Amino acid sequence: MATARGLRSHRPAGKWWCGRGGAPARGGAGLSRGRGGLCGGAVARRRRGGAALERAQRRRQWPSLGGMAVCARLCGVGPSRGCRRRQQRRGPAETAAADSEPDTDPEEERIEASAAVLAGVGGGLCAGPSPPPPRCSLLELPPELLVEIFASLPGTDLPSLAQVCTKFRRILHTDTIWRRRCREEYGVCENLRKLEITGVSCRDVYAKLLHRYRHILGLWQPDIGPYGGLLNVVVDGLFIIGWMYLPPHDPHVDDPMRFKPLFRIHLMERKAATVECMYGHKGPHHGHIQIVKKDEFSTKCNQTDHHRMSGGRQEEFRTWLREEWGRTLEDIFHEHMQELILMKFIYTSQYDNCLTYRRIYLPPSRPDDLIKPGLFKGTYGSHGLEIVMLSFHGRRARGTKITGDPNIPAGQQTVEIDLRHRIQLPDLENQRNFNELSRLVLEVRERVRQEQQEGGHEAGEGRSRQGPRESPPSPAQPRAEAPSRGPDGTPGEDSGEPRDASAAAEQPAQCGQGQPFVLPVGVSSRNEDYPRTCRMCFYGTGLIAGHGFTSPERTPGVFILFDEDRFGFVWLELKSFSLYSRVQATFRNADAPSPQAFDEMLKNIQSLTS
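Quantities reported herein were computed from a predicted structural model and do not represent experimental measurements. Residue numbers here run from 1 along each chain, matching the order of that chain's written sequence. Confidence filtering applies because this is a predicted model: local features only for residues at pLDDT of at least 70, side-chain atom pairs given and counted only at 80 or more, and all residues used for totals across whole chains, interfaces and linings. Based on all heavy atoms of the structure, the side-chain values leave hydrogens and waters out of the count.

## Considering the overall build of the protein
Then, number 1: Numbering of helices and strands runs from the N terminus, with a helix taken as a DSSP run of H or I at least four residues long and a strand as a DSSP run of E at least two residues long. Along the backbone of the protein there are 19 helices and 21 strands.
Then, number 2: Every one of the 610 residues in the protein was classed for burial, and the buried ones make up 46%.
Then, number 3: Between two residues, a contact is recorded if the distance between any of their heavy atoms is within 4.5 Å. Considering only intrachain contacts with a sequence separation of at least 6, the fraction spanning at least 24 residues in the protein is 58%.
Then, number 4: To measure how exposed things are, a 1.4 Å probe is used in the Shrake-Rupley method; for residues, cover is taken only from the protein chains shown. On the protein, roughly 31700 Å² of surface is accessible, and the fraction owed to carbon and sulfur atoms is 51%. Accessible area is worked out with a 1.4 Å probe on protein chains only. A residue is then buried under 20% of its type maximum, exposed over 50%, and partly exposed in between.

And the structure:
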């Protein structure tokens, strides 16, 4: 006891000392020994008199008490168990009662908790640094989860991912990943598990077939001189097939399109994909595909003998005639038409072994378009049915030929419609009079010329017009059209009334009735089964030329809108009528990436045939 009092009087203030290795603490020869070391703090706390004084002392020595409590617990001595000397003084009953008490009292637990908090911010002598937060690496994830993650990434990123480490490269050989990429990126809905029988994996299908030939998917126009064509390359099951679309037999413009395969690509073995030519009547044979440059590729047949027939050129011509026109040469009585058909057969036969294709897009659609743009089948006299693309460009609409003829080749704008100048047709009786229709159209053409001259004169003087205007018609001349706004909602450049063409087209539909329509006497039509009511008419021009696209010129005409899927055009100079019906086939990978890309495509295909 005296030793303890002496130690208390000589102990430095604010310090707790704990000897280690059995050596006495500073000034402590008479300190009690604990297990593995001496703990003078525990003895001093036990012998301190007065609970209030002890709590005050603990508040002043908070960090040291916390460290002391932890130290006492680690040493197995202190207030929870007592030192060895005290245990020796106790009797067996007292020792058993002490052992049955809890290891810590509430006050000590509170001190230890507070000390742990203070140690986290740097307080406490015995507390160590806080452990760093655990790191989670992508490599530590289970393989099943990595497969799901990799299957969600674009297939073009997976080869780079395989170069990260061996584990990633091994996981990327899982067919589940590539089966999902084939389905989501290329729409392959076939059961790819069947490929295991042939030894071809889904990874091979993606890398050696779909990804390798992805640049040729879409809509294309073959370069067959003035005739052109329409090709759609699509993924069909486990094949890539190029389907050539042909218009129906003349003059059935409302019939569906015909189509036949030109080539196909498939994976026969794990080495590489196989290209096969489908032209001719002897089945698939070896072919070749070469991607020339962006938006252009070519096909070549290595076995042209498969295209020939045993009966020679005469048998080939008769077979081609039945497929192309649905009739025999004896059924065609028009001599000029026979010459055109024979000329087309001779010309197109030169391209049976090698063809070049240029990408085309479907026209973009806008909410204020007169009707939905797209592809239409149209009648062109002795040339038969041809495919035309209708597109809208502000206040004008254009019809571009996808298939053509020796007079107007593919790629040229066959008709152009001025949506600012609407033509009001006369009553049904006067519609039969060609001279009356011609007078109305020529009046509008004269007005258009005056507007163009005024616009050029004002542009030359450098004057900026605040609003569009139109020269008023003469009182002696009846107004043959109802000026309208352009499809973009702004007033037409040369119109006097703010009236929208698309809104005007909806008026007859809202009323539930259209305007009666009949062709004038003397106007020829390949199809007499044309609609007898129309929504509205506009002034337009049509392109005509001599054989070989010589002396091309634009002549006035009338654009007649029948409904959402049909329209017509009256060629005044030719006294001819063309009926157009919408192509209902669905084309894949054919949308233009932007309106600018579509306009650029139109310029390119037109420049190739100019």
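Moving on from the coordinates now.
## With respect to the pattern of salt bridges
Then, number 1: Between Lys or Arg on one side and Asp or Glu on the other, a salt bridge is scored when a side-chain nitrogen of the former is within 4 Å of a carboxyl oxygen of the latter. One pass over the structure, following the stated rule, counts 22 salt bridges.
Then, number 2: Measuring nitrogen to oxygen at the nearest pair gives 2.7 Å for the salt bridge that ties Glu-443 to Arg-439. Of this pair, Glu-443 and Arg-439 both sit in helix α17 (residues 434-461), separated by 4 residues, roughly a single helical turn.
Then, number 3: With a relative accessible area of 15%, Glu-443 lands in the buried category.
Then, number 4: Across the salt bridge formed by Arg-566 and Asp-563, the nearest N and O atoms sit 3.1 Å from each other.
Then, number 5: Salt bridges sharing common partners tie together Glu-148, Arg-180, Arg-181, Glu-184 and Glu-185.

## Some words on the sheet that holds strand β6 (residues 258-266)
Then, number 1: Pairs of strands are assigned from DSSP output, requiring at least two bridges between the strands. Here 8 strands make up a closed barrel; going around it, the order is β3-β4-β5-β6-β7-β8-β9-β10 and the pairing antiparallel. Across the sheet, the mean angle from the axis of one strand to that of its neighbour is 35 degrees, orientation sign disregarded.
Then, number 2: Both β6 and strand β7 (residues 274-277) contribute to a ladder of 4 bridges, which runs antiparallel. Bridged to Arg-264 within β7 is Glu-276. Helix axes use the C-alpha atoms of the stretch in contact, all axes being lines fitted to C-alpha atoms, and the angles between their N-to-C directions lie in the range 0 to 180 degrees.

## With respect to the environment of Val-518
Then, number 1: By secondary structure assignment, the location of Val-518 is in the loop between β15 (515-516) and β16 (524-525).
Then, number 2: By relative accessible area, which is 10% here, Val-518 ends up buried.

## Some words on helix α11 (residues 175-186)
Then, number 1: An expected span of 1.5 Å times one less than the residue number is assigned to each helix. Taking 1.5 Å of rise per residue, 12 residues should cover 16 Å, and α11 covers 16 Å from first to last C-alpha, within 8% of that figure.
Then, number 2: In this structure, the buried side of α11 is in contact with α8 (143-151), α9 (158-162), α10 (166-171), α13 (202-210) and β4 (230-236).
Then, number 3: At the exit of α11 stands Gly-187, carrying a positive phi of roughly 70 degrees.

## Brief notes about a nonpolar patch on the surface
Then, number 1: Each patch is built from salt-bridge-free residues with over 30% relative accessible area, joining like charges within 9 Å and nonpolar side chains (Val, Leu, Ile, Met, Phe, Trp, Tyr) within 5 Å. Judged by side-chain polarity, Leu-138, Leu-145 and Ile-149 come together as a nonpolar surface patch covering roughly 230 Å² of accessible area.
Then, number 2: Note on placement: Leu-138 falls in the loop between α7 (106-120) and α8.

## With respect to the packing of aromatic side chains
Then, number 1: For this analysis, a ring pair means two rings from Phe, Tyr or Trp (six-membered ring only for Trp) whose centres lie within 6.5 Å, classed as stacked if their planes differ by under 30 degrees, edge-to-face if by over 60, and tilted for the remaining angles. Following the criterion strictly, the structure yields 22 aromatic pairs and no others.
Then, number 2: Note on Tyr-245 and Phe-587: the rings are 4.9 Å apart at their centroids and 65 degrees apart in plane angle, and the pair reads as edge-to-face. Here Tyr-245, found in strand β5 (residues 239-246), pairs with Phe-587, found in the loop between β21 (576-582) and α19 (595-609); they are 342 residues apart in sequence, far enough to count as distant. In this pair, the class of Tyr-245 matches that of Phe-587, namely buried.
Then, number 3: Centre to centre, the rings of Phe-567 and Tyr-580 are 4.6 Å apart; their planes meet at 15 degrees, and the pair counts as stacked. Taken together, the positions of Phe-567 in strand β20 (residues 566-571) and Tyr-580 in strand β21 put the pair 13 residues apart, joining distant regions of the chain.
Then, number 4: By relative accessible area, Tyr-580 is classed as buried at 1%.
Then, number 5: Here a set of aromatic residues connected by ring pairs shows up, and it is made of Phe-376, Tyr-380, Phe-559, Phe-567 and Tyr-580.
Then, number 6: As a reminder, the over-ring test applies to NZ of lysine and CZ of arginine, requiring each to be within 6 Å of the ring centre and within 35 degrees of the ring normal. One cation-aromatic arrangement involves Lys-401 over Tyr-380; the distance from NZ or CZ to the ring centre is 4.3 Å.

## Describing the nonpolar core
Then, number 1: Residue types Ala, Val, Leu, Ile, Met, Phe, Trp, Tyr and Cys, when buried and joined through side-chain atoms within 4.5 Å, form a set referred to as a nonpolar core. Judged by nonpolar contacts, the single largest core of 43 residues is most densely connected at Ile-240 and Ile-265.
Then, number 2: Excluding anything up to four places from it in sequence, Ile-265 contacts Leu-209, Tyr-213, Ile-216, Leu-238, Phe-239, Ile-240, Ala-273, Thr-274, Val-275 and Ile-289.
Then, number 3: In this structure, Phe-434, Val-518, Cys-537 and Leu-572 belong to the second largest nonpolar core, which totals 23 residues.

## Examining the pairing of β4
Put simply, side chains in a regular strand alternate between the two faces of the sheet.
Then, number 1: The buried count for β4 comes to 6 of 7 residues, which makes it a mostly enclosed element.
Then, number 2: As paired elements, strand β3 (residues 218-222) and β4 share 3 bridges and run antiparallel to each other. Across the sheet, Gly-218 pairs through a bridge with Val-233, a residue of β4.
Then, number 3: Note that β4 and β5 share 7 bridges and pair antiparallel. Each residue of the ladder has a partner; that of Asp-236, found in β5, is Phe-239.
Then, number 4: Between the end of β4 and the start of β5, which pair antiparallel, lie 2 residues, with Gly-237 showing a positive phi angle near 65 degrees.

## Considerations on the side chain of His-421
Then, number 1: The residue His-421 is located in strand β14 (residues 413-423) in this model.
Then, number 2: We classify His-421 as buried; its relative accessible area is 0%.
Then, number 3: Residues adjacent in sequence count toward polar contacts only when both atoms are side-chain atoms; beyond that, a polar contact is any pair of N or O atoms within 3.5 Å, and within protein one must be able to donate a hydrogen and the other to accept it. A polar atom in the side chain of His-421 sits 3.0 Å from the side chain of Asp-418.

## Some points on the environment of Thr-174
Then, number 1: With respect to the element layout, Thr-174 can be found in the loop between α10 and α11.
Then, number 2: A relative accessible area of 28% places Thr-174 in the partly exposed class.
Then, number 3: For the pair Thr-174 and Arg-203, spaced 29 residues apart in the sequence, the C-alpha separation amounts to 8.3 Å.

## Brief notes about the packing of α11 against α13
Then, number 1: Put simply, α11 and α13 touch, their axes get as near as 7 Å, and they point 40 degrees apart. Here α13 runs oblique to α11, going by the angle between their axes. Contacts between α11 and α13 pair Asp-175, Trp-178, Arg-179, Arg-181, Cys-182, Glu-185 and Tyr-186 from the former with Cys-202, Arg-203, Val-205, Tyr-206 and Leu-210 from the latter.
Then, number 2: Here the residues of the contact of α11 with α13 sort into 7 nonpolar, no polar and 5 charged. We call two directions roughly parallel when the angle between them is under 35 degrees, roughly antiparallel when it is over 145, roughly perpendicular when it lies between 65 and 115, and oblique otherwise. By the convention adopted, Pro, Cys, Tyr, Trp, Phe, Met, Ile, Leu, Val and Ala count as nonpolar, Lys, Arg, Asp and Glu as charged, and the other residues, Gly among them, as polar.

## A short note on empty space enclosed by the protein
Then, number 1: A 1.4 Å probe that fits into a set of points on a 1 Å grid over the protein atoms alone but cannot get out defines a cavity; an open set with protein on both sides within 12 Å along at least five of seven lines defines a pocket, and lining residues are those with an atom within 4 Å of a point. Grid points are joined across faces, edges and corners, and a volume is the space filled by probe spheres set on the points. In total, this model carries 2 cavities of 30 Å³ or more according to the counting rule given.
Then, number 2: By volume, the largest cavity is sized at about 770 Å³.
Then, number 3: Forming the boundary of the largest cavity are 46 residues, of which Ile-224, Met-244, Leu-246, Glu-324 and Thr-348 lie nearest the centre.
Then, number 4: Considering every element that reaches the lining of the largest cavity, the biggest residue donor is helix α15 (residues 335-349), with 5 residues.
Then, number 5: In terms of residue class, the lining of the largest cavity is made up of 23 nonpolar, 13 polar and 10 charged.
Then, number 6: The computed volume of the second largest cavity comes to approximately 50 Å³.
Then, number 7: Considering the residues around the second largest cavity, the lining is formed by Leu-425, Gln-431, Leu-437, Phe-517, Val-518, Leu-519, Pro-520, Val-558, Ile-560 and Val-570.
Then, number 8: A breakdown of the residues in the lining of the second largest cavity according to their chemical character gives 9 nonpolar, 1 polar and no charged.

## Remarks on the side chain of Ser-298
Then, number 1: Summarising the element assignment, Ser-298 is placed in strand β9 (residues 296-301).
Then, number 2: Those residues within four positions of Ser-298 in sequence are excluded, and the remaining contacts are His-288, Ile-289, Gln-290, Val-292, Leu-355 and Thr-356.

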